[in-house]
Structure formats: C-alpha cells, structure tokens
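Read off the chains here:
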Amino acid sequence: MINKVVAGADEAIKDIHDGDTLMLGGFGLCGIPENCITALVKKGVKELTCISNNAGVDDFGIGLMLKTRQVKKMISSYVGENAEFERQLLSGELEVELIPQGTLATRCMAAGYGMPAIFTPAGVGTEVAEGKEIRNFDGKDYLMEYAFDADFALVKAWKGDTAGNLIFRSTSRNFNPVMAMAGKTTIAEVEILVEAGELDPDHIHTSGVFVHRIFQGKDYEKRIEQRTVRMKE
Amino acid sequence: MALSKDGIAKRIAKEIKDGYYVNLGIGIPTLVANYIPIGINVVLQSENGLLGMGPFPFEGEEDADLINAGKQTITTLAGSSIFDSALSFGMIRAQKIDLTILGAMEVSENGDIANWKIPGKMVKGMGGAMDLVASAKNIIVAMQHVNKAGESKLLPSCSLPLTGVKCIKKIVTELAVLDVLPEGGFKLLERAPGVSVDFIKQATLGKLYANENVPEMILD
C-alpha cells in the first residue's frame, strides 16, 4: 500500500507558497485543521486566498492567519464573529467574496468529481448572480458556478490510516470530505493515525486516493464557539 | 396583544405536520423546536450536516465535534444521521426538506426576502439562507412586523439586498399570520389575540388584503 505519512504539519505544508489558494475544512471552529493553521502562521506564508465556510474567531482558526495578515482574500459564506476580520475588510486590506454555503460546498464537490461547473438556483435575482451566466431548466433559472481551483486542501479527520483513508467524527465532517477531494494537493491531519488495514474499508468516508499527505496531529484544542447546555431535571 | 417571540414560535409550530423534515434558522425559528405538538414526529435538519438534531447536551457532556448551524453544542437522537456539507445542500436543493423556517429583515409583497446584508454596516454573509430560499418548497418567515425604528418590514419591495426572489409564501409576526398571494400582496389570515385589522394595516406598508372577519390566532 502507498504510504502517505509525513512527520508533521511543518513538513506537510512545506511547499505552500505565497499567493497560493487553499481550502480549509471546518464549520465555525468545528473540524478545522488546527495543526496546519499553526504551521502556516509559523511559516509566515502570505498573500493567500482561503476558501473556507467561515473565517475563525479573533484568536483561533483562520483568525490567527488574519492577525498576521497572511490572507489576501477569503471566499466564505459567513464571516461574523471576528473583529479583526471586520477591521481588515472595512479598511480594504482584505478582499472578501461571500457566496451561498451550498454553492461553496458544491463548487468543492464539482472540483472533486471532475466537473467544471454546476447549476444552482441559490442567488438567482440577487447580487450573487451579477456577471454570472443564467440557464433556464424546466422553467426555473439557475446560476452557473465554476468548480474551485485550489492548490491545496487542508482537512481535519478523526481517524486516518497510513494509506490516507479518512473517517470523520460527527458534525466535524462538514466541508472536509468535499475539500479533500477538491485539492490539487490534499493534506489531512488526524487525531488518530493507524496502520493501513486497521480501518474497516466499509467505514471509510474519504478514500486515500484523494489524500496526498497525512500526519498525526497533536495538541488539539477543539474549541467550542457556542457552549449551550441544559440542566438535568 | 402582540405575541412574544415564543408566541410567534408557538403559532408556527402548528404549521408543522407529522413526518416533516424541517430546517430551522437562527433566532425565533430555533424556538419553534420547543413547541412541536406531542404526537407530531419531525426531524430537524442542521445544514452543517445533521438530520435528527436533539436538544442541548447536559452540562459536562458537550462535544466540540457536535454542533448545529448556529455553532451551538447539541445532541443527536435515535435515528439521526450525519453527512457532509455538499450532501446537506443536495437534500435541500432536491427538496427532501419539507419546511424551512427562517427570519427576515424585509419581505416584499411579491415574496422577495432580504435577510443577509445591510450595506454600509458589517456584512456577515448569507450562510445557507440563499440556498434554502431558492430551493425550499415551503418557507415560513418568522419575524417582527416592524423594525426597531418602527418601520414596516412587510413592504411593496425590499430596500435591502435580496436573499431570494418570489419565494416566501407565509409570514408569522407578533401581529399576524399572512400569506403572500401568487399575484402579489399580503393576505391577512389571522391576527394576534386582541390586535385589530386596522392596527395590522398600519404596520404593513405593502398591499394588504383582509376579509371582514379575520379570526384571531389559536395558540393552544
């Protein structure tokens, strides 16, 4: 079996360069590639375009890369909860393209499935549709949206094996599987790395063919954005 | 008397039918989950990748890997399923979700909705709202009838950037239940207990159609 294992985050991201386009998995702070983000901040690579549903918070997630001004452009569906983001956006330091969440997911999917474009009704008649081709199918209008073209996809899984197969846990799955399929180079960090053969092939969410590098992550904080609980009666 | 936010949620809950798959937006829509009548089986979808959203966890049982689209810690239920974001919006686009309930800043008399952006102020993004309103077969808007400045949110046309076009068919506010007519205009179906038709007319800038006898909402 092909072995995809690299020593750690620093090695995994070593050929990410200034100006590259990255996909980063996660929804809010759930399922984000924490180790890769830390390594990117350490490396200091800049002028990055980041495709990610959200932009983290001020002191965690992609927010860490915003603080160090490493991000030139964000492509996201929702970017609240981040004061530094707001400051850079209003001052013009940061370029932001807001797109519908389903469009974001499906543009990843299209890239992963080898399709150049998709048609979606999301955004028809809104400013999202400006400059885009509209096609009518069965009486309903759809926007043509292109597959993403990303140099790297950085994803976080729960378990992975040395062959690059991935299993996600709970809703930390979110954008990770489609981004894993979409990157020209896909880097997966996992909480638990096992030998090939230890994962049941029936339980694999992302086939190792899509993953170019995998490493055992460490020191996961897994911060909770909105801690909501109920009382025991 | 005008309804509380919980009152609006309670009234909307009566629109939910047994066997429905429902997506609840943030704000008043989230409260609807608390008022689903006993004996009505519904499955709540969270568009970050979960069908069968359960209540908040007990203290100490929070799981960072298990959140809803509002990023709140939640639980699963017997029969829940987890999937990725593309699949999640696939089931939305393919109309597998029976009902979408979401908030709005403005709704126009032809069913346009604006709820994602106030130009000049901070822009947070549309999240999944544009996908939901573009594809859902059944959308209920839960909102206040007037904004904080006292201006009607039911308008001849939206002044804010649109989220979706001609997609809203039903609105529940603290004052009224209204349909958006296919030919345009709001049709007053029910009024909040003790609220007069005239009062609702005053609070509605868009075209309002009301019969002579508009019944009061029944909440319990």
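Residues numbered from 1 in each chain as written. Chains lettered and ligands numbered in written order. Predicted model: local features only at pLDDT ≥ 70, side-chain atom pairs only at ≥ 80, totals over all residues. Heavy atoms only, no water.

**Focus: the pairing of strand β3 (residues 71–76) of chain A**
Residues and elements named next belong to chain A.
Next, step 1: With 5 of 6 residues buried, β3 is to be regarded as a mostly interior element.
Next, step 2: When strand β2 (residues 48–51) meets β3, the two strands line up parallel, connected through 4 bridges. Note on β3: the bridge partner recorded for isoleucine 51 is isoleucine 75.
Next, step 3: As judged from the 4 bridges shared by β3 and strand β4 (residues 95–98), these two strands associate in the parallel manner. Among the inter-strand pairings, lysine 73 is bridged to a residue of β4, identified as glutamate 95.
Next, step 4: After leaving β3, the chain enters helix α4 (residues 83–90) and then returns to the sheet as β4, a path that is right-handed. (Buried < 20%, exposed > 50% of the residue type's maximum accessible area, 1.4 Å probe, protein only. Helix = DSSP H or I, 4+ residues; strand = E, 2+ residues; numbered from the N terminus. Pairing = 2+ DSSP bridges. Right-handed = clockwise from strand over helix to strand, strands pointing away.)

**What about the interface of chain A and chain B?**
Next, step 1: Each partner contributes residues to the interface: chain A has 51 residues there, and chain B has 47 residues.
Next, step 2: Inspection of the region where chain A meets chain B yields 6 salt bridges.
Next, step 3: The closest approach of N and O atoms between lysine 232 of chain A and glutamate 61 of chain B, which form a salt bridge, is 3.7 Å.
Next, step 4: Seen at the junction of chain A and chain B, the total is 26 residue pairs in polar contact (both at pLDDT 80 or more). (Contact = heavy atoms within 4.5 Å. Salt bridge = Lys/Arg side-chain N within 4 Å of Asp/Glu carboxyl O. Polar contact = N/O pair within 3.5 Å; in protein donor to acceptor, adjacent residues only side chain to side chain.)

**Digging into the side chain of glutamate 84 of chain A**
Next, step 1: As for its placement among the helices and strands, glutamate 84 of chain A is situated in helix α4.
Next, step 2: In this structure the side chain of glutamate 84 of chain A is engaged in a polar contact, spanning 3.1 Å, whose partner is the side chain of arginine 87 of chain A.

**Structural notes on the nonpolar core**
Next, step 1: Counting residues in each nonpolar core, the largest one holds 51 residues, and the members touching the most others are Ile101, Val141, Ile168 and Ile171 of chain B.
Next, step 2: In this structure, isoleucine 171 of chain B is in contact with Val107, Val141, Met143, Leu154, Ala176, Val177, Leu178, Val180 and Phe186 of chain B, ignoring residues within four places of it in sequence. (Core = buried A, V, L, I, M, F, W, Y, C linked by side-chain atoms within 4.5 Å.)

**Observations concerning the pattern of salt bridges**
Opposite charge on two side chains makes pairing possible when the charged atoms of those side chains draw close.
Residue and element names in this part refer to chain A.
Next, step 1: On inspection of all chains with the given rule, the structure shows 26 salt bridges over all chains.
Next, step 2: A salt bridge links arginine 223 to aspartate 59, with the shortest nitrogen-to-oxygen separation between them at 2.9 Å. Here arginine 223, found in the segment after β11 (213–216), pairs with aspartate 59, found in the loop between β2 and α3 (63–67); they are 164 residues apart in sequence, far enough to count as distant.
Next, step 3: Where arginine 69 meets glutamate 93, a salt bridge forms, and the shortest distance between an N and an O atom there is 3.1 Å. In this pair, arginine 69 is assigned in the loop between α3 and β3 and glutamate 93 in the loop between α4 and β4, connecting sequence segments 24 residues apart.

**Structural notes on the pairing of strand β8 (residues 152–161) of chain A**
Residue and element names in this part refer to chain A.
Next, step 1: For β8, the tally of buried residues reaches 8 of 10 residues, placing the bulk of the element in the interior.
Next, step 2: When strand β1 (residues 21–24) meets β8, the two strands line up parallel, connected through 3 bridges. Note on β8: the bridge partner recorded for leucine 22 is phenylalanine 152.
Next, step 3: Judged from the 9 bridges that link them, β8 and strand β10 (residues 185–194) form a sheet pairing that is parallel.

Don't take any of this as a statement about function, it's just geometry.
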